[in-house]
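Coordinate inspection notes
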Amino acid sequence: MNAGPNIPSQLIDQHGRRKRKLRISLTDRCNFRCRYCMPDTPQWLPKSQVLTIEEIVRVARLMIGEGIGHIRLTGGEPLLRRGLLDVVRALDALRPLGLTRISMTSNASRLAPQAAALKAAGLDDLNISLDSVDPDTFRRMTGRELAPVVDGIDAARAAGLPVKLNSVLLRDDNGGQIVALAEWARARGLPLRFIEYMPLDEPGRWQRAQVVAEAEILAALRGRFGVEPLPRSADPATRYRLDGDYEVGVISTVSNPFCASCDRLRLTATGELYTCLFATQGTPLRERLRAGDSDAQLLERIRDAVWHKQAGYAAQPRAPLERPITMHAMGG
Ligand code: SAM
Ligand code: SF4
């Protein structure tokens, strides 16, 4: 195992891409019903199949030792996970091994009462999903109310947690609200990223016609703002400056995949390591954790899975592919 952050990562794939980011799904459960993410009647996983906090932290520790520097907690809705603060505190204690950032992606509807405690536990920042600032559109897309989400955003900022907003665009729902979202976020000084709708929902539901592609997003923004492209960073989003003083990003997984520079791995709530959102299967770690595998045995399994990561779904003949696991179960 590595001794510190300066030693080269062992988590490198056969295409030479180093892995620096790990997304950990803390639960498949969610209090929202976003139609692009959840099946109509979600079947929650039995608790016995979900990793315990100790198991999650053990896998995180091993992977930090191999060069993972940024962990993002996600789900399902991570705020629903009992013991969330314990997870954040335990990860915070792993910083001496090389962890530099602990983030969370959340719908924020239950954030307000927990924001200050999360900050105190060691959370660095939050991505909050906000698909519309129109209460009716928001309700139609998520099945829930907008107001508690806005309260959550305000509470996070008051607690000193930096917030970025993420909006998935669906043509017939919020496809016409690109400028409204950008104006709302700009007025509050909150970075915003538009996400192209990906085929990660209930099999058979995704329709290419509902995807609002990057080119169209830019055309809408150009109708209202001066739009200047910015150099690409390590972030999967392409970045643009609006009117010289505000930045938006576009995650164009469907129209312009960024697989060539992918530095991410995903651990599902049930302990499967996925090397790609579009991988058709993950590498199960839970049984090995529970069978008493040593750290060295687990690491061998993890390194092997990472090494065999495919070039990317864009390289496959029928792209993008639909997968047997939905987004809330995988962890977004
Ligand atoms: N519940 C949290 C939330 O909504 O932020 C975290 C989990 S959610 C699965 C993580 C991210 O995945 C969210 O920003 C969500 O909008 C995005 N997402 C879910 N389904 C998607 C899809 N089919 N295409 C693109 N993004 C999707
Ligand atoms: Fe829940 Fe997030 Fe999926 Fe919406 S996108 S249903 S909030 S997990």
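Located above this text is the structure these notes cover.
Please read all numbers here as calculations on a predicted model, not as lab measurements.

The next subject is the packing of helix H1 (residues 53-64) against helix H9 (residues 295-307). Remark: H1 packs on H9, axes separated minimally by 11 Å, with the N-to-C direction vectors making an angle of 70 degrees. Between H1 and H9, the crossing angle belongs to the class labelled roughly perpendicular. Two secondary-structure elements touch here, H1 through Arg-58, Arg-61, Leu-62 and Met-63 and H9 through Asp-295, Leu-298, Leu-299 and Ile-302. Grouping the constituent residues of the contact of H1 with H9 by class yields five nonpolar, no polar and three charged.

Around ligand 1, the structure places 19 residues, and the nearest of them are Tyr-36, Gly-76, Ser-129, Val-168 and Met-198. Backbone polar atom of Tyr-36 to a nitrogen atom of ligand 1: 2.8 Å apart, as the coordinates give it. A distance of 2.9 Å separates a nitrogen atom of ligand 1 from a polar atom in the backbone of Met-198. Protein contacts shield 95% of the accessible area of ligand 1, which totals 540 Å² for the unbound molecule. Elements represented by at least two residues in the shell around ligand 1 include exactly strand S3 (101-106), strand S5 (163-169) and strand S6 (192-196).

In the vicinity of ligand 2, the contacting residues are Cys-30, Phe-32, Cys-34, Tyr-36, Cys-37, Met-38, Gly-76 and Asn-107. Of the residues that constitute the shell around ligand 2, the class distribution is six nonpolar, two polar and no charged.

The tally for this structure, following the rule as stated, stands at two aromatic pairs. Relative to Phe-138, the ring of Phe-32 lies with its centre 6.1 Å away and its plane at 85 degrees, an arrangement referred to as edge-to-face. Here the residue Phe-32 occupies a position in the loop between strand S1 (21-25) and H1, and Phe-138 occupies one in helix H4 (residues 135-142), the gap between them amounting to 106 residues. Across the pair, Phe-138 and Phe-32 agree in class, each one buried. In this arrangement the basic side chain of Arg-188 is found over the ring face of Trp-184, its NZ or CZ atom lying 3.8 Å from the centre.

In this section: empty space enclosed by the protein. One simple way to see leftover space: roll a probe sized like a water molecule over the atoms. Summed over the entire model, instances satisfying the criterion amount to two cavities of 30 Å³ or more. The calculated volume of the second largest cavity comes to roughly 50 Å³. Lining the second largest cavity, in full, are Lys-21, Ala-234, Asp-235, Pro-236, Phe-258, Ser-261, Cys-262, Asp-263 and Arg-264. Considered class by class, the residues forming the lining of the second largest cavity number four nonpolar, one polar and four charged.

Counting buried positions along strand S4 (residues 125-129) gives four out of five residues, so the element sits mostly inside the fold. Of the strand pairs in this sheet, S3 and S4 are connected by four bridges, and their pairing is parallel. Bridging from a neighbouring strand, Ser-103 pairs with Asp-125 of S4. Handedness of the S3-helix H3 (residues 115-121)-S4 crossover: right-handed. As judged from the four bridges shared by S4 and S5, these two strands associate in the parallel manner. Note on S5: the bridge partner recorded for Ser-129 is Asn-166.

By size, the foremost hydrophobic cluster in this structure holds 98 residues, and its most contacted members are Ile-71, Leu-73, Leu-165 and Leu-221. Here this core takes eight residues from H1, the largest share from any one element.

Moving on, we get to the pairing of strand S2 (residues 70-74). Burial analysis of S2 places five of its five residues in the buried class, the great majority of the element. Of the two faces of S2, the one carrying His-70, Arg-72 and Thr-74 and the one carrying Ile-71 and Leu-73 are both buried. Bridging between S1 and S2 involves five bridges; their strand directions are parallel. Note on S2: the bridge partner recorded for Ile-24 is Leu-73. On the question of chirality, the crossover connecting S1 to the parallel S2 by way of H1 is right-handed. In terms of strand pairing, S2 meets S3 through four bridges, oriented parallel. What sits directly across from Arg-72, in S3, is Ser-103. Taken together, S2, helix H2 (residues 84-92) and S3 constitute a β-α-β crossover, and its handedness is right-handed.

A positive phi is found at Ala-108, a non-glycine position, where the angle reads about 70 degrees. Inspection of the secondary structure assignment puts Ala-108 in the loop between S3 and H3. The class for Ala-108 is buried, based on a relative accessible area of 0%. One non-glycine residue, Asp-243, lies in the positive phi region at around 50 degrees. Summarising the element assignment, Asp-243 is placed in the loop between strand S8 (238-242) and strand S9 (246-251).

Here we take up the environment of Leu-289. Checked against the element boundaries, Leu-289 lands in helix H8 (residues 286-290). Judged by relative accessible area, which is 10%, Leu-289 ranks as buried. Linking Leu-289 and Thr-27, residues 262 residues apart in sequence, is a C-alpha distance of 18 Å. If sequence neighbours within four positions are ignored, Leu-289 has contacts with Leu-51, Glu-55, Arg-58, Val-59 and Leu-298.

Analysis parameters
Residues numbered from 1 in each chain as written. Chains lettered and ligands numbered in written order. Predicted model: local features only at pLDDT ≥ 70, side-chain atom pairs only at ≥ 80, totals over all residues. Heavy atoms only, no water. Axes fitted to C-alpha atoms, helices over the stretch in contact; angles between N-to-C directions. Helix = DSSP H or I, 4+ residues; strand = E, 2+ residues; numbered from the N terminus. Parallel < 35°, antiparallel > 145°, perpendicular 65-115°, else oblique. Contact = heavy atoms within 4.5 Å. Nonpolar A, V, L, I, M, F, W, Y, C, P; charged D, E, K, R; others polar. Near = heavy atom within 4 Å. Polar contact = N/O pair within 3.5 Å; in protein donor to acceptor, adjacent residues only side chain to side chain. Areas by Shrake-Rupley, 256 points an atom, 1.4 Å probe, with all protein chains shown as cover. Phe/Tyr/Trp six-rings, centres within 6.5 Å; stacked < 30°, edge-to-face > 60°. Buried < 20%, exposed > 50% of the residue type's maximum accessible area, 1.4 Å probe, protein only. Lys NZ or Arg CZ within 6 Å of the ring centre and 35° of its normal. 1 Å grid on protein atoms, 1.4 Å probe; cavity = no way out; pocket = protein on both sides within 12 Å on 5 of 7 lines; lining within 4 Å. Points joined across faces, edges and corners; volume = space filled by probe spheres on them. Pairing = 2+ DSSP bridges. Right-handed = clockwise from strand over helix to strand, strands pointing away. Core = buried A, V, L, I, M, F, W, Y, C linked by side-chain atoms within 4.5 Å.

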